[in-house]
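# Secondary and tertiary structure notes
Here's the letter readout for the chains.
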Amino acid sequence: MLTCSPSALQLVTTRLIEVASHASQGGFTHNLQHLTQDQSWELLCRKTFRGYECPESLTEPGKRIAKKCGGLPLALVVIAGLLEKEEKSKDLWENIADRVGSYITKDPKGCLDTLALSFDHLPPHLKKCFLYVGGFPEDCKVQVKTLLKLWMAEGFIKESGQRSFEEEGEIYLMDLIDRNLLIVADKSSNGGIKSCRLHDLLREVCLKKAYEENFFKKMSMPMSNSDSFFGFISSMVKQRRLFTDYKVLCKFCSHNFSTHTRSVLCFHNNQQFDVRTTRWVPSFLLLRVLDLLNIPMFSFGKIRMLVHLRYLAVWLRSHQSSFSEPEASKSLFSKASFGSLQTLIVKGKFQRFIYSPHNMVNRRHLRCDRIDFSDDFFVRQLFNLQTISRLRLDHKDQYLLESFPYIKKLGCCISSRSSNHRSLDFSLLHHLEALNVEKFSYDLLTLEHPIRFPETLKKLTLKGLCLRWDYMSTIQRLPKLEVLKLLDSSVKGHLWETGDEQFHHLKYLKLEKLNIRVWEASSINFPRLRKLVVRRCEYLKEIPPGLGNIYTLEHIEIDYSDSRVLESVTRIQEAQRETGNYDIHVNFTRTDPSC
């Protein structure tokens, strides 16, 4: 950041965006990015060889070392100091490339101590959130929506004023990103943050601080020696949070231990669970968080004993689970069980849950292959419910949507019996921001009445609905829509003529598996479009040339289809360059026609 006065030019550096913004009033703020791989290699060579050329034999391991420093100049300088003093042999450099992190942490100048200063200055609530990310596997891209739910279940997030837990959690996340403690890994279609990750060195800081503060423990199976195993199990008893694998949990099946553990997250699995594996549950009756999403299971088993759970994520392999029948479902989610559960995620095909209103008061997020509600569900409104996916809407569900007036994200499938009913009127959901509507599997669906959407909608995905293209005029009028995905015959017909109306705020448009042949549009229709994705529209003759005049366009992704389509994309790219936009990215992808 530079600040200027009549007599002086001042340069101020900081890791905190808030500090830079406050200090640079009237000045210039430059946000430094992580170095690219080429820049990292250049810096490593400059610091290691001091102007001399890198020997050809060291280039390959040297570039691996540079890459593993993650674009962090401090890490590159530290490792270069080591390389400069050591023998310039290929074997040594390959050895260092395999263990870059361990060499940097031994730096006598205190590389980690320097990075730890950023952690030491965090407020208490952010320290917990930051340390928690360190429990995930190395180089893991952590899904933001999952992380926020976990923070919430752990009690790290406190409601503030009119903001919800989720909104407050997003503020926490952005604070850590603005402090350069978390790295944005992927962005969502509307430009939001989809996933984040930790730099390897900051992960070392996390692990060191977590050990010092007994914040969590990462564990895997020890050697088979009985004495070491008893000590191993004993060390787990008082651990509040455990990041582990399935083998550790299985060992509790044959040992009578009671733990104080509140959270168990399993990320690794080398072989399948069997139906007996939930016998470890009685040792963990105080659990609030249980994540077994990477562990294939065949039954809930004793998990229903965990009455304190706030977050539960499981993977059920059976296509017809023991709780898929209505009576079994009611016993699983009875009034006495899972009364505190905020988030339920069930991975696996054909898992079906039937909910009654008695066990849903604290639910905020539900995700399953199919979700049904009991006939008396509409008698109670659930003000906490934020997310549902995949809810089946049938002809009898006309009042169901009124049961969750504050829902923000909704994924649903509709059957042919619901196609002519007001259950497709989503306009009463005044807080809905993201909606995914698709037809129920194998149903022949023809909508007799148009779907009604709320004006709050920002993201819309339609699949298999067989709408007419003239219905797009209704969608165009949605004032806040930023993302539109039309998939798998969601719209039928050969001509899409967008007319003079605008998608005022649309940033992302995806067309996939449609039978469209002619698309007539201009830059007027998409004044803020940033990304266009067209896949498997095999009859489409060209992308409208008028899109080349959209000044905001940044990215076009298209599969190898008709040569005329490819030529039209090339012309759009040339038109963009004529306006000075040389940064537009065009990706040509190959799609398996059998998919």
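Before reading on, note that the structure itself is shown above.
Anyway, here's the lowdown on the structure attached to this text. All chains use their own residue numbering, which begins from 1 and follows the written sequence. Local features in a predicted model are, by the rule used here, given only for residues with pLDDT of at least 70; side-chain atom pairs are given and counted only at 80 or more, and totals for whole chains, interfaces and linings are based on all residues. Excluded from the side-chain calculation are hydrogens and water; included are all heavy atoms of the structure.

### Points about the overall build of the chain
Condition: For the purposes of this entry, the term helix denotes a DSSP run of H or I that reaches at least four residues, the term strand denotes a run of E that reaches at least two, and both are numbered from the N terminus. Only protein chains enter the accessibility calculation, which uses a 1.4 Å probe. A residue is then buried if its area is under 20% of the maximum for its type, exposed if over 50%, and partly exposed in between. For every accessible area listed, the method is Shrake-Rupley and the probe measures 1.4 Å; residues are considered covered only by the protein chains on display.
From N to C terminus, the chain includes 16 helices and 26 strands. Out of the 595 residues belonging to the chain, those deemed buried represent 48%. Here the chain displays about 29,800 Å² of accessible surface, and carbon together with sulfur accounts for 49% of that area.

### With respect to the nonpolar core
Inclusion rule: Throughout, nonpolar core names a set of buried Ala, Val, Leu, Ile, Met, Phe, Trp, Tyr and Cys residues whose side chains join them through atoms within 4.5 Å. Contacts were defined at the residue level, with two residues in contact if any of their heavy atoms lie within 4.5 Å.
Of all hydrophobic cores here, the largest spans 93 residues; its most connected members are I303, F426, I475, W519, F526 and I543. The contact partners of I543, leaving out residues within four places of it in the chain, are W519, L532, V534, I558, V565, S568, V569 and I572. With 65 residues, the next largest nonpolar core counts W41, A97, C129 and F216 among its residues.

### Focus on the sheet that holds strand β3 (residues 142-143)
The following threshold applies: Note: two strands are recorded as paired if DSSP finds a minimum of 2 bridges between them.
Taken in spatial order, the 3 strands of this open sheet run β3-β5-β4, and their pairing is antiparallel. Of all strands in the sheet, those bounded by a partner on one side alone are β3 and β4 (183-187). Judged from the 2 bridges that link them, β3 and strand β5 (residues 193-197) form a sheet pairing that is antiparallel. Paired with V142 across the two strands is C196, which belongs to β5.

### A closer look at helix α5 (residues 90-98)
Worth spelling out the cut-off: The arc under discussion is defined with respect to the helix axis, by the directions toward the C-beta atoms.
By the burial criterion, the buried members of α5 are W93, I96 and A97. On an axial view of α5, the arc spanned by its buried residues comes to 105 degrees, and they lie on one face.

### A look at unusual backbone geometry
That bond from S389 to R390 is cis: its omega, 5 degrees, falls within 30 degrees of zero. Tracing the sequence through the fold places R390 in strand β14 (residues 387-393). In this model, K513 sits at a positive phi of 55 degrees, which is unusual for a non-glycine residue. Along the chain, the position of K513 falls in the loop between β22 (508-512) and β23 (518-520).

### Brief notes about the environment of P544
Among the structural elements, P544 can be located in the loop between β24 (531-535) and β25 (555-559). Ignoring anything within four residues of it in the chain, the contact list for P544 reads W519, A521 and I572.

### Topic: the environment of H199
Spelled out, the test is: Two N or O atoms count as a polar contact when they lie within 3.5 Å, although within protein this holds only if one can serve as hydrogen donor and the other as acceptor, and sequence-adjacent residues are included solely when both atoms are side-chain atoms.
Structurally, H199 can be placed in the loop between β5 and α11 (200-212). Taking relative accessible area as the criterion, H199 reaches 4% and is therefore assigned buried. The spacing of H199 and N180 is 19 residues in sequence and 9.7 Å in space, taken between C-alpha atoms. The contact partners of H199, leaving out residues within four places of it in the chain, are C69, G70, L72 and I183. Of note is the side chain of H199, whose polar atom sits 3.0 Å from the backbone nitrogen of L201.

### Here's the deal with the side chain of Q573
Here Q573 shows up in helix α16 (residues 563-578). Taking relative accessible area as the criterion, Q573 reaches 16% and is therefore assigned buried. Ignoring anything within four residues of it in the chain, the contact list for Q573 reads I584 and V586.

### Observations concerning the pairing of β25
The two faces of a sheet get side chains in turn, since along a regular strand they alternate between them. Counting buried positions along β25 yields 5 of 5 residues, so the element is predominantly enclosed. In the sheet, β24 pairs with β25 via 4 bridges, with the strands oriented parallel. Considered in β25, the bridge of V533 is made with E557. Examined bridge by bridge, β25 and strand β26 (residues 585-589) share 5 bridges and lie parallel to one another. Along β26, the bridge assignment pairs H555 with H585.

### Description of a positive patch on the surface
Here is the rule: Only residues whose relative accessible area exceeds 30% and that form no salt bridge enter a patch; like-charged residues are grouped when within 9 Å of one another, and nonpolar side chains (Val, Leu, Ile, Met, Phe, Trp, Tyr) when within 5 Å. Between Lys or Arg on one side and Asp or Glu on the other, a salt bridge is scored when a side-chain nitrogen of the former is within 4 Å of a carboxyl oxygen of the latter. Only four residue types enter the charge count, namely Lys and Arg as positive and Asp and Glu as negative; His and the chain termini do not. The location of each charge is read from NZ of Lys, CZ of Arg, CG of Asp or CD of Glu.
Judged by side-chain charge, K145, K194, K347, R367 and K409 come together as a positively charged surface patch. Counting through the fold element by element, K194 comes out in strand β5. Using a relative accessible area of 45% as the deciding quantity, one classes K194 as partly exposed.

### A few points about the packing of aromatic side chains
Going by this rule: Centre distance within 6.5 Å is the pairing criterion for rings of Phe, Tyr and Trp, where only the six-membered ring of Trp is used; planes under 30 degrees apart are then read as stacked, over 60 as edge-to-face, and the remainder as tilted.
As enumerated under the stated definition, the model contains 18 aromatic pairs in all. Where Y132 meets F243, the ring centres are 5.7 Å apart and the plane angle is 70 degrees; that geometry is what we call edge-to-face. Here the residue Y132 occupies a position in helix α8 (residues 124-133), and F243 occupies one in strand β7 (residues 241-245), the gap between them amounting to 111 residues. Given a relative accessible area of 0%, Y132 falls into the buried group. When its relative accessible area of 3% is taken as the criterion, F243 is described as buried. Centre to centre, the rings of F216 and F243 are 4.9 Å apart; their planes meet at 70 degrees, and the pair counts as edge-to-face. Linking F216 in the loop between α11 and β6 (217-218) with F243 in strand β7, this pair joins segments that are 27 residues apart in sequence.

### Describing the pattern of salt bridges
Taken as a whole and assessed by the stated rule, the structure comprises 20 salt bridges. In this structure, R452 engages D425 in a salt bridge whose closest nitrogen and oxygen atoms are separated by 3.5 Å. Pair noted here: R452 is in the loop between β16 (434-439) and β17 (459-463) and D425 is in the loop between β15 (409-414) and β16, with a separation of 27 residues, a long-range link. Residues R571 and E542 are paired through a salt bridge, measuring 3.4 Å at the closest nitrogen-oxygen approach. With R571 in helix α16 and E542 in the loop between β24 and β25, this residue pair connects regions lying 29 residues apart in the sequence.

### Focus: the pairing of β7
Summarising burial for β7: 5 of the 5 residues are buried, a large majority. Neither face of β7 is left uncovered, since the one carrying R241, F243 and D245 and the one carrying L242 and T244 both have all their residues buried. Pairing analysis gives 5 bridges linking β7 to strand β8 (residues 263-268), with the strands arranged parallel. Counterpart to T244 in the pairing with β8 is C266.

### Considering the packing of α8 against helix α9 (residues 144-154)
This is how the line gets drawn: To define axes, lines are fitted to C-alpha atoms, for helices over the stretch in contact only, and angles between the resulting N-to-C directions are given on a 0 to 180 degree scale. The cut-offs work like this: below 35 degrees is roughly parallel, past 145 is roughly antiparallel, 65 to 115 is roughly perpendicular, and the gaps in between are oblique. By the definition used in this description, the sense in which the near helix is turned from the far one sets the handedness, with an anticlockwise turn below a right angle giving left-handed and a clockwise turn giving right-handed. Here the term charged refers only to Asp, Glu, Lys and Arg, the term nonpolar to Ala, Val, Leu, Ile, Met, Phe, Trp, Tyr, Cys and Pro, and the term polar to all other amino acids, Gly among them.
It is the contact of α8 with α9, at a shortest axis distance of 11 Å, that shows an interaxial angle of 125 degrees. Put simply, α8 runs oblique to α9. When the axes of α8 and α9 are compared, the crossing they make is right-handed. Mapping the contact onto sequence places C129, Y132 and V133 in α8 and L147, L150, W151 and E154 in α9. For the contact of α8 with α9, the class distribution of residues is 6 nonpolar, no polar and 1 charged.

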